[in-house]
Amino acid sequence: MIKIQGLYKSFGDLEVLKGIDNEIKQKEIVCVIGPSGSGKSTFLRCINLLEEVTAGEIFIDGIKVNDEKTDINDIRTEVGMVFQQFNLFPHMRVLENITLAPKKIRKMNPKDADELARQLLEKVGLSDKAKAYPEQLSGGQQQRVAIARALAMKPKIMLFDEPTSALDPEMVKEVLDVMKQLALEGMTMVVVTHEMGFAREMGDRVLFLDQGLLVEEGKPDQLFNHPKHERTKAFLSKVL
Amino acid sequence: MISIDFLDIRLDVIWSYRELFVRGIGVTLALTLIGYIGGFLIGLLVALAKISKKKWIRIPAKYYVDFFRGTPLLVQILIIHVAVIPTIFGHSLGPFVSGIVALILNSAAYNAEIIRAGIQSIEKGQMEAARSLGMPSGVAMRTIILPQAFRRMVPPLGNELIALLKDSSLVMVIAVNDLLYAGKVVAGASFRTWEPYLTIAFLYLILTFIFSKIITYVEKRFSNSYVPSSRRRIFSFGRSKGVDSE
């Protein structure tokens, strides 16, 4: 579903990703872990081209993403993204946050879009917040709205960029629960996270990135319990 | 010696020329409002050009702003009236048109900087979130960035309005019959000095006072909160459905 070949990214002289290869299959839950500055967020942001790729190739469903001939907006409608800072649109109500893109981009009629938004709000457990503004919601609620907003485009893939890192501890679970539900429904997900519990429980595969390199990958049990590389061991000993 | 003139204010002189002053107010208001709206729209385009990724769009916009902010408005008015417009059209279009054009172009340069700063003050994540949903950058700018940025621009844009009202008096040099011009005509015709100039000063003061009241209203309407119930509802534009349901 997602194929990444020789992904290289630098910001000026700073090399953030130094050649990463990977293939993510349909319905797979891939968790990306690693120390801060390891390039894991950049890796994720390259997939939908929020960061320009310096070298290498990314394919989604066989279409090359970083090709001048590819309309990136078309690709992005198929790839939902959830951000660490939620990034809800503060000047719009929750319902409008969710319906905006389906109406503007998918040309969905307003009634259907409203209906879809209400279904999604129910799914993330916020049916009563349709008319609220983002500033009236807690962090966990905002992040769940952000997930609903991404899902409204009916994406094939969901990217999560540290979705619980900006949350108060007691709100982490409500967001993770929504993500688990999504995983059980068969969504293809790439999750950059510090929640090792989530990676262990839900991940089909875990990638460990360090200093721009994919150091180790494997099933959660294998990577967490029997890491091969010294750097993986050192990292896990600090976070587990 | 204190001038006898000063002790002997004659308001009847002003009253007999009242039509000139009223027309002067009308012309000054027209200059200000047309200049402001035009200056805002062109300023918006220049601001968008200034943040463009394309160099050939960005650089001319930068020079435009540099020129109109870096030279005196009075000089710009004269250049446009005696050189630019006659060259383009072959003849003058009258002092009013020249004056308006100069005010629009000048205030556009100042507004462009305000609008650019407002746009750039919006968190990067907003644009990223919009783009990640598949919105083209133009749609994202219109529906996500600008509505948020305009709130932050209200105070400085209000200052510009008042500055423009006062600066509009400079068009008198090309004989636009604005409020200052009216004062000068009356001074010349009546051989009085204190009364006409004090009158127009007072009238300018009233106009700026009214404008600043309006600006205060708008600022309160666009307070920091987006939640309708927690902000004062003075104007009904904007979102209002379901306001009281929460």
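Bear in mind the structure is a predicted one, so any value in this text is a computation, not a measurement. (Residues numbered from 1 in each chain as written. Chains lettered and ligands numbered in written order. Predicted model: local features only at pLDDT ≥ 70, side-chain atom pairs only at ≥ 80, totals over all residues. Heavy atoms only, no water.)

1. A word on the overall build of chain A
Thought 1: Each helix and strand in chain A was counted, giving nine helices and 10 strands.
Thought 2: A globule of 240 residues ought to have a C-alpha radius of gyration of about 18 Å, and chain A, at 18 Å, matches this closely.
Thought 3: Among the 240 residues that make up chain A, the fraction classed as buried is 57%.
Thought 4: By element, 47% of the accessible surface of chain A is carried by carbon and sulfur atoms, the whole surface being about 10300 Å². (Helix = DSSP H or I, 4+ residues; strand = E, 2+ residues; numbered from the N terminus. Rg over C-alpha atoms; globule rule 2.2 N^0.38 Å. Buried < 20%, exposed > 50% of the residue type's maximum accessible area, 1.4 Å probe, protein only. Areas by Shrake-Rupley, 256 points an atom, 1.4 Å probe, with all protein chains shown as cover.)

2. Here we look at the side chain of B:Asp178
Residue and element names in this part refer to chain B.
Thought 1: Its location among the elements puts Asp178 in the loop between α8 (137–167) and α9 (179–190).
Thought 2: For Asp178, the side chain forms a polar contact with the main-chain nitrogen of Tyr181, separated by 3.0 Å.
Thought 3: Each residue touching Asp178, except ones within four places of it in the same chain, is listed here: Gly24, Val27, Thr28, Leu31, Ser168, Ser169, Val171, Met172 and Tyr204. (Polar contact = N/O pair within 3.5 Å; in protein donor to acceptor, adjacent residues only side chain to side chain. Contact = heavy atoms within 4.5 Å.)

3. Details of the interface of chain A and chain B
Interface size is commonly expressed as the accessible area that is lost once the parts come together.
Thought 1: Counting from both sides, the interface comprises 29 residues of chain A and, opposite them, 26 residues of chain B.
Thought 2: Interface area, chain A with chain B, both sides summed: about 2500 Å², of which 58% is carbon and sulfur.
Thought 3: On the chain A side of the interface with chain B, the three residues burying the most area are A:Phe89, A:His91 and A:Arg93, jointly 22% of the side's total.
Thought 4: Here chain A is connected to chain B by one salt bridge.
Thought 5: One salt bridge in this structure joins A:Arg45 and B:Glu128, with 2.6 Å as the shortest N-O distance.
Thought 6: Summed over the shared surface of chain A and chain B, the number is six residue pairs in polar contact (both at pLDDT 80 or more).
Thought 7: Within the residue set of the side of chain A that touches chain B, elements represented by two or more residues are α2 (72–78), β6 (79–82), α3 (94–104) and α5 (139–151) of chain A.
Thought 8: Residue contributions to the side of chain A that touches chain B peak at four residues, all from α3(A). (Buried area = accessible area lost by both parts, 1.4 Å probe. Salt bridge = Lys/Arg side-chain N within 4 Å of Asp/Glu carboxyl O.)

4. Notes on the pairing of β6(A)
Residues and elements named next belong to chain A.
Thought 1: Side chains of β6 alternate between two faces, with Val79 and Met81 and Gly80 and Val82 buried alike.
Thought 2: The pairing of β6 with strand β7 (residues 157–161) spans four bridges and is parallel. Within β7, the position partnered with Met81 by the bridge is Leu159. (Pairing = 2+ DSSP bridges.)

5. What about the packing of helix α3 (residues 18–50) of chain B against α9(B)?
Residues and elements named next belong to chain B.
Thought 1: The contact between α3 and α9 brings their axes to 7 Å, and the two run at 155°. Taken together, the axes of α3 and α9 are roughly antiparallel relative to one another. Touching Leu20, Phe21, Gly24, Ile25 and Thr28 of α3 are Leu179, Ala182, Gly183, Val185 and Val186, all from α9.
Thought 2: Looking at the contact of α3 with α9 residue by residue, the class counts come to seven nonpolar, three polar and no charged. (Axes fitted to C-alpha atoms, helices over the stretch in contact; angles between N-to-C directions. Parallel < 35°, antiparallel > 145°, perpendicular 65-115°, else oblique. Nonpolar A, V, L, I, M, F, W, Y, C, P; charged D, E, K, R; others polar.)

6. Some thoughts on α3(A)
Thought 1: α3(A) sits mainly inside the fold: nine of its 11 residues count as buried.
Thought 2: Residues A:Val94, A:Leu95, A:Glu96, A:Asn97, A:Ile98, A:Thr99, A:Leu100, A:Ala101 and A:Pro102 constitute the buried set of α3(A).
Thought 3: Buried positions along α3(A) lie against α4 (110–123) and α5 of chain A together with α8 of chain B.

7. Side note on the nonpolar core
Thought 1: In terms of nonpolar packing, the biggest core is built from 86 residues, with A:Ile2, A:Leu7, A:Phe43, A:Phe89 and B:Met135 touching the most fellow members.
Thought 2: The greatest single-element share of this core, amounting to 13 residues, is contributed by α8(B).
Thought 3: Not counting the four nearest positions on each side in its chain, B:Met135 is found in contact with A:Asn73, A:Phe89, A:Leu100, A:Ala101, A:Ile105, B:Ala130, B:Ala140, B:Thr143 and B:Ile144.
Thought 4: Within the second largest apolar cluster, 50 residues are counted, among which are A:Leu116, A:Leu120, A:Leu137 and A:Phe208. (Core = buried A, V, L, I, M, F, W, Y, C linked by side-chain atoms within 4.5 Å.)

8. Things to note about the pairing of strand β4 (residues 55–60) of chain A
Residues and elements named next belong to chain A.
Thought 1: Of the pairings in the sheet, the one linking strand β1 (residues 2–11) to β4 comprises five bridges and is antiparallel in character. Counterpart to Ile2 in the pairing with β4 is Ile60.
Thought 2: As paired strands, β4 and strand β5 (residues 63–64) are joined by two bridges and run antiparallel to one another. Its bridge partner lying in β5, Phe59 is registered against Lys64.

9. Considering the packing of aromatic side chains
Residues and elements named next belong to chain B.
Thought 1: Taken as a whole and judged by the stated rule, the model has four aromatic pairs over all chains.
Thought 2: For the ring pair Phe67 and Phe68, a centre distance of 5.1 Å and an interplane angle of 85° mean the geometry is edge-to-face.
Thought 3: Given the relative accessible area of 9%, Phe68 is considered buried.
Thought 4: An aromatic cluster is present here, built from Tyr64, Phe67 and Phe68 joined pairwise through their rings. (Phe/Tyr/Trp six-rings, centres within 6.5 Å; stacked < 30°, edge-to-face > 60°.)

10. Some points on the sheet that holds strand β3 (residues 29–33) of chain A
Residues and elements named next belong to chain A.
Thought 1: Taken in spatial order, the six strands make up an open sheet running β6-β7-β8-β3-β9-β10, and their pairing is mixed. Each of the sheet's edge strands pairs with one partner strand only, and the pair in question is β6 and β10 (213–218). The sheet shows a mean angle of 20° between the axes of neighbouring strands, direction not considered.
Thought 2: Along the sheet, helix α1 (residues 40–47) contacts β3, β6, β7, β8 (188–192) and β9 (205–210); its crossing angle with β7, the most-contacted strand, is approximately 150°.
Thought 3: Contacting β6 and β7, α5 crosses the sheet at an angle of about 170° to β6.

11. A look at the sheet that holds strand β2 (residues 14–24) of chain A
Residue and element names in this part refer to chain A.
Thought 1: An order of β2-β1-β4-β5 is seen for the four strands of this open sheet, with the pairing classed as antiparallel. The sheet terminates laterally at β2 and β5, the two strands that pair on one side only.
Thought 2: In the packing of α1 onto the sheet, contacts are made with β1, β2 and β4, and the angle to β1 comes to roughly 120°.

12. Structural notes on the environment of A:Asn66
Residues and elements named next belong to chain A.
Thought 1: Along the chain, Asn66 falls in the loop between β5 and α2.
Thought 2: Expressed as a C-alpha distance, the spacing of Asn66 and Val215, which sit 149 residues apart in the sequence, is 24 Å.
Thought 3: Filtering out sequence-adjacent residues up to four positions away, Asn66 remains in contact with Leu49, Val53, Gly56, Glu57 and Ile58.
Thought 4: In this structure the side chain of Asn66 is engaged in a polar contact, spanning 2.8 Å, whose partner is the backbone oxygen of Gly56.

13. A closer look at the environment of B:Ala47
All names here are of chain B.
Thought 1: Along the chain, Ala47 falls in helix α3.
Thought 2: The sequence separation of Ala47 and Arg69 amounts to 22 residues, and the corresponding C-alpha distance is 14 Å.
Thought 3: Filtering out sequence-adjacent residues up to four positions away, Ala47 remains in contact with Ala112, Ile115 and Arg116.

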